[in-house]
Amino acid sequence: MTLVAGVDSSTQSCKVVIRNAETGELVREGRAAHPDGTEVDPRAWRAALDRAVAAAGGLDDVAALSVGGQQHGMVCLDQRGEVVRQALLWNDVRSARAAADLVTDLGDGDPLRGAQAWADAVGVVPVASFTAAKLRWLADAEPGNADRTAAVCLPHDWLTWQLSADRDLTTLATDRGDASGTAYFSAATGQYRPDLLELALRGRRPLLPQVAAPSAAVGTLAGGSGALLGPGTGDNAAAALGLGAREGDVVVSIGTSGVVSAVSATPGADPTGIVAGFADATGRHLPLVCTLNAARVLDATARLLGVGLDELSALALSAPAGADGLVLVPYLEGERTPNLPLATGAVHGLTLGTATAAHLARAAVEGLLCGLADGIDALLAQGVRVDRVLLIGGGARSAAVQRIAPGVFGRPVLVPPAGEYVADGAARQAAWVLSGAAEPPEWVTAGVRELQAAPTPAVRERYASVRSLTEGH
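Now for a look at the structure at hand.

Cut-offs and rules
- Residues numbered from 1 in each chain as written.
- Predicted model: local features only at pLDDT ≥ 70, side-chain atom pairs only at ≥ 80, totals over all residues.
- Heavy atoms only, no water.
- Axes fitted to C-alpha atoms, helices over the stretch in contact; angles between N-to-C directions.
- Helix = DSSP H or I, 4+ residues; strand = E, 2+ residues; numbered from the N terminus.
- Parallel < 35°, antiparallel > 145°, perpendicular 65-115°, else oblique.
- Contact = heavy atoms within 4.5 Å.
- Buried < 20%, exposed > 50% of the residue type's maximum accessible area, 1.4 Å probe, protein only.
- Pairing = 2+ DSSP bridges.
- Expected span 1.5 Å × (residues − 1).

Considerations on the packing of helix 11 (residues 309-318) against helix 12 (residues 357-381)
Here is step 1: At their nearest, the axes of helix 11 and helix 12 sit 7 Å apart, and the two run at 95° to each other. Overall, the two elements helix 11 and helix 12 adopt an arrangement that is roughly perpendicular. Side by side, helix 11 and helix 12 meet where Leu-312, Leu-315, Ala-316, Leu-317 and Ser-318 of the first sit next to Ala-357, Ala-358, Ala-361, Arg-362 and Val-365 of the second.

Description of the environment of Ser-398
Here is step 1: Looking at where Ser-398 falls in the secondary structure, it is placed in the loop between strand 22 (386-392) and helix 13 (399-409).
Here is step 2: Among the residues examined, Ser-398 registers a relative accessible area of 16% and is labelled buried.
Here is step 3: Once the C-alpha coordinates of Ser-398 and Thr-104 are considered, the two residues, 294 residues apart in sequence, prove to be 42 Å apart.
Here is step 4: Contact partners of Ser-398, with chain neighbours within four places excluded, come to Leu-298 and Ser-313.

Remarks on the pairing of strand 18 (residues 276-279)
Here is step 1: A two-sided burial pattern is seen for strand 18, the buried positions comprising Ala-276 and Phe-278 on one face and Gly-277 and Ala-279 on the other.
Here is step 2: In textbook terms, the turn of a hairpin is the stretch between consecutive antiparallel strands, and for strand 18 and strand 19 (residues 285-291) this stretch comprises five residues, one of which, Gly-283, has a positive phi near 100°.

Digging into the sheet that holds strand 19
Here is step 1: What the seven strands build is an open sheet, ordered 18-19-17-16-22-23-24; its pairing is mixed. Strands at the two margins of the open sheet, each flanked by one partner only, are strand 18 and strand 24 (449-451). Across the sheet, the mean angle separating the axes of adjacent strands is 30° when strand polarity is ignored.
Here is step 2: Alignment of strand 16 (residues 248-254) against strand 22, held across six bridges, turns out to be parallel. By the bridge assignment for strand 22, Val-250 is matched with Val-389.
Here is step 3: Sheet strands touched by helix 13: strand 16, strand 22, strand 23 (413-415) and strand 24. Its angle to strand 22, the strand with the most contacts, is close to 160°.

Here's the deal with helix 12
Here is step 1: Helix length check: helix 12, at 25 residues, gives a terminal C-alpha distance of 36 Å against a target of 36 Å (1.5 Å per residue), a fit within 8%.
Here is step 2: Along helix 12, 20 of the 25 residues are buried, which leaves the element largely enclosed by surrounding structure.
Here is step 3: Phi turns positive, to about 85°, at Gly-383, one or two residues after helix 12.

Structure, rendered in structure tokens:
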């Protein structure tokens, strides 16, 4: 039996799965925690990867490995390949002002013209999350560190490079999926835009990773085993690959962030910035909408009510659809979609009748899902085909989320069994690299449940009527 490994280096932890390359059958797995915070020393990721690999029984019998990782993080390296400063993660919003400045700069002082120019150039409009915005922040706030930066890469790029037997700055590699989240790479053309990198870094032009084809080997694993290294990809593209998502499928992931993405044959270019025109891990495209507030909305509400997540779910299901008009706008950490990094959450419709734990629990679940449903609408507005929803992530394990989602989304919802789909997608890519085939191997996901419910448009309408009534809007 030929084995492959897939890695998911996420915001919170590192997961490693070892799978049968032909069938996708799980053989063993391991995990390790990452430190908290919105900036992290990348060496902590490598240490966590080593612990997760050890927990998974090592890599001596693995023929290929790929890494999926959190998108957008800024990893700066000096000429010797040493980390210049702690990596800024996707959820670090100190670069919000820098993002706005980049939009205005490309529009010669006109932000609307600038937004259109960014969308035309690279399929995205900078927000605080994107790497280009973080590089502008670095150039302005830490010019000395910007001067020391000889190469810039992403978290998954850096980890793949750390695992490689051949390591200098020129062997840094990435893929279209993760590169498309930087705001200086065009998924439509498959090329970097060095002029936009220079704009971000105020004239500096560090080395960037080579962009490998989806199934190309980018090196071999250090240690002499000869195992091939795949190019890896960003976490969202890896999850779509792990799920076997096809055109017409929308993947809704409820994790640290909320993600709505769809496999598409055509690139996206939304000047509003709501839909990011990312690439996927197969040579296609992955138009994507991201929210900052997802599973932790449930965590926060459960903490507020003094209950566990299972009890929160039961409470939500005991309240009527629409929570009798009670709405929770879940902008608890600012928001990315809409782009309101300084926004706060809000509760509307609180009365003597709705001042119950059940109503608030229902409002939290519906508010979370309404924000994601707005993301589905944004994809539709871009001409993306939406037939069904694949619901994944830690928050998707909630019985209330599963039962309420089909009504809010207005479409059938498929719930795969709980799993590590980012790591699985990385493992599937590794098997693809090993096979040399034109398309990735067909791995069947067993135990998928389909849920349907009558649409609940009144819930969406009520949410839409109050979602802009928040501080920081």
